[in-house]
Amino acid sequence: MSIDFFWRIPTHGEPSSHRSRTPYRGDWLQGQDHIRNPGLGGGGRDGYTYIDYIAEVAHAAEISGFHGGLLPSFPMTDEPWAISSFLARETKTFRFMIAFQPGFLNPVTAARMTASLQRATGGRALFNVITGGGGPVQLWWGDSFSHDDRYARTTEFLDVLRGVWQGKPFNYQGRFYQVEDAALPFPLNEEAFPEIYFSGSSDAALISASKHADYYLSWLEPLSQLRDKFERVKARTDQLGRKIKCAVRVDIVARATEEEAWREVRRGFENLDAQQLERYKQQQARIGDSVGGQRQSTFRPKTISDYRDLIIEPNIWSGFNLLRGGQGQGIVGSYEQVAQRLDDLVALGADAFILASTSHLEEAYRVGEEVLPLVRGRQKLHAETPGLLSAVR
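Sequence order as written defines the numbering, with residues in each chain counted from 1. Given that this is a predicted model, residues contribute local features only at a pLDDT of at least 70 and side-chain atom pairs are listed and counted only at 80 or more, while totals for whole chains, interfaces and linings are drawn from all residues. Side-chain descriptors were evaluated using all non-hydrogen atoms of the structure, hydrogens and water having been removed beforehand.

Draft legend 1. Geometry of the overall build of the protein chain. Along the backbone of the protein chain there are 15 helices and 15 strands. By definition in these notes, contact holds between two residues if any of their heavy atoms fall within 4.5 Å. Across the protein chain, every contact between residues at least 6 apart in sequence was considered, and the portion connecting residues at least 24 apart equals 71%. Per element, the accessible surface of the protein chain, about 17200 Å² overall, is 49% carbon and sulfur. Every helix listed is a DSSP run of H or I at least four residues long, and every strand listed is a run of E at least two residues long, numbered separately from the N terminus. What sets the accessible areas is the Shrake-Rupley method with a 1.4 Å probe; for residues, cover comes only from the shown protein chains.

Structure (structure tokens):
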């Protein structure tokens with residue numbers, strides 16, 4: 001039994017903690033037109049950029065036992081393909097989970113780019129395929145296709161990507177893509193095809209995932225609902241004669257005691273201003289047609305006056321997107337409690353995790369050293385491979 005742990009790489013900069021938005025680690029911040037922290041105390045540049053900072057985060061995750069890192073893709077981030085090429089020279093075994101929307105890239109070009117990256121890094125690239133949540137953000141990318149059409153386009157994209165990777169002339173006539181006698185040349189076609197982590201909660205997403213995904217990736221949800229999603233995608237995949245694994249993307253706050261962990265959350269919540277709370281309450285209107293986003297919004301209470309209003313299950317807090325944006329649900333507790341909740345997810349069917357916490361640099365060490373060794377599913381793997389646990393530590 002192998003449980004893979006990935007860490008999120010903050011390609012948009014980040015605060016130094018959940019408690020406050022400042023000081024900010026990065027040379028730009030969404031909504032700001034000026035550099036927040038240029039480097040030197042007097043305001044000048046010191047030659048150290050946030051790109052150097054995320055290399056430190058990757059180093060920290062690599063030596064703390066994580067298999068690799070998710071490179072997110074949003075309008076306010078740098079391009080994951082470019083960042084992965086940089087980080088490849090800064091790490092030795094760290095794997096790069098490149099998040100991207102297939103509709104914005106030709107699949108033959110994507111195959112050549114990926115195979116070249118595999119060849120240059122010794123096979124360290126993998127995909128987080130996202131199809132987009134619709135609404136204003138989707139139009140930012142210039143994409144006006146409907147929800148189900150976007151997933152149909154993703155399916156065709158992956159059909160072509162796999163087809164040309166075989167190295168033989170490949171022909172395809174779809175609604176969105178048509179190719180004739182396309183193929184990766186030698187030696188690119190001998191590189192390993194990247195593992196695919198596939199995100200999406202709708203029926204259209206599950207259909208596409210069941211055909212192409214190696215891992216079905218979901219945000220954290222109440223366990224009964226997450227179990228249902230896992231069972232649905234596995235049932236669809238079984239019908240195709242394939243097997244699929246499941247993964248969970250989750251933020252955590254882990255401390256030596258539960259009281260310390262909730263104190264961190266409480267201080268972050270109390271430092272929010274009225275404008276931030278109002279934006280959070282109005283977030284439903286900006287979700288678009290994302291089924292996953294709509295599911296997340298159902299866990300939001302109607303009245304929020306205290307951080308405890310957002311506790312939806314023991315050690316599960318639904319206000320993480322108040323503190324830094326992104327998903328809402330996350331795990332809060334002592335090292336032992338967080339590890340137990342991860343084990344609960346393993347028992348539910350999770351085979352991999354993408355974890356995150358702010359700041360990603362210090363927390364990579366904390367989580368890697370204090371939480372991961374306590375996850376029993378991981379301990380089972382190391383028991384089957386004597387000596388590995390001490391090597392990873």
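Draft legend 2. Representation of the environment of phenylalanine 353 in the model. As for its placement among the helices and strands, phenylalanine 353 is situated in strand S15 (residues 350-356). As for phenylalanine 353 and tryptophan 219, which are separated by 134 residues in sequence, their C-alpha atoms are 10.0 Å apart.

Draft legend 3. How the structure looks around the pattern of salt bridges. By definition, a salt bridge exists where a carboxyl oxygen of Asp or Glu is found within 4 Å of a side-chain nitrogen of Lys or Arg. Scanning the entire structure with this criterion turns up 15 salt bridges. Its salt-bridge partner being lysine 229, residue glutamate 221 comes within 3.4 Å of it at the nearest N-O pair. The partner of aspartate 238 in a salt bridge is lysine 243, with the nearest N and O atoms 3.2 Å apart. Residue exposure (1.4 Å probe, protein chains only): buried if accessible area is under 20% of the type maximum, exposed if over 50%, otherwise partly exposed. In this structure aspartate 238 comes out as partly exposed when scored by relative accessible area, which is 42%. Residues participating in the shared-partner salt-bridge network are Arg19, Arg255, Glu264, Glu363 and Arg366.

Draft legend 4. Spotlight on the packing of aromatic side chains. Paired rings are identified among Phe, Tyr and Trp, the last through its six-membered ring, by centres lying within 6.5 Å, and are further divided according to the angle between planes into stacked (under 30 degrees), edge-to-face (over 60) and tilted (the rest). Considering all chains together, one arrives at 15 aromatic pairs under this definition. Joined through ring pairs, the aromatic side chains of Trp81, Phe100, Phe127, Phe157 and Tyr177 make up one cluster.

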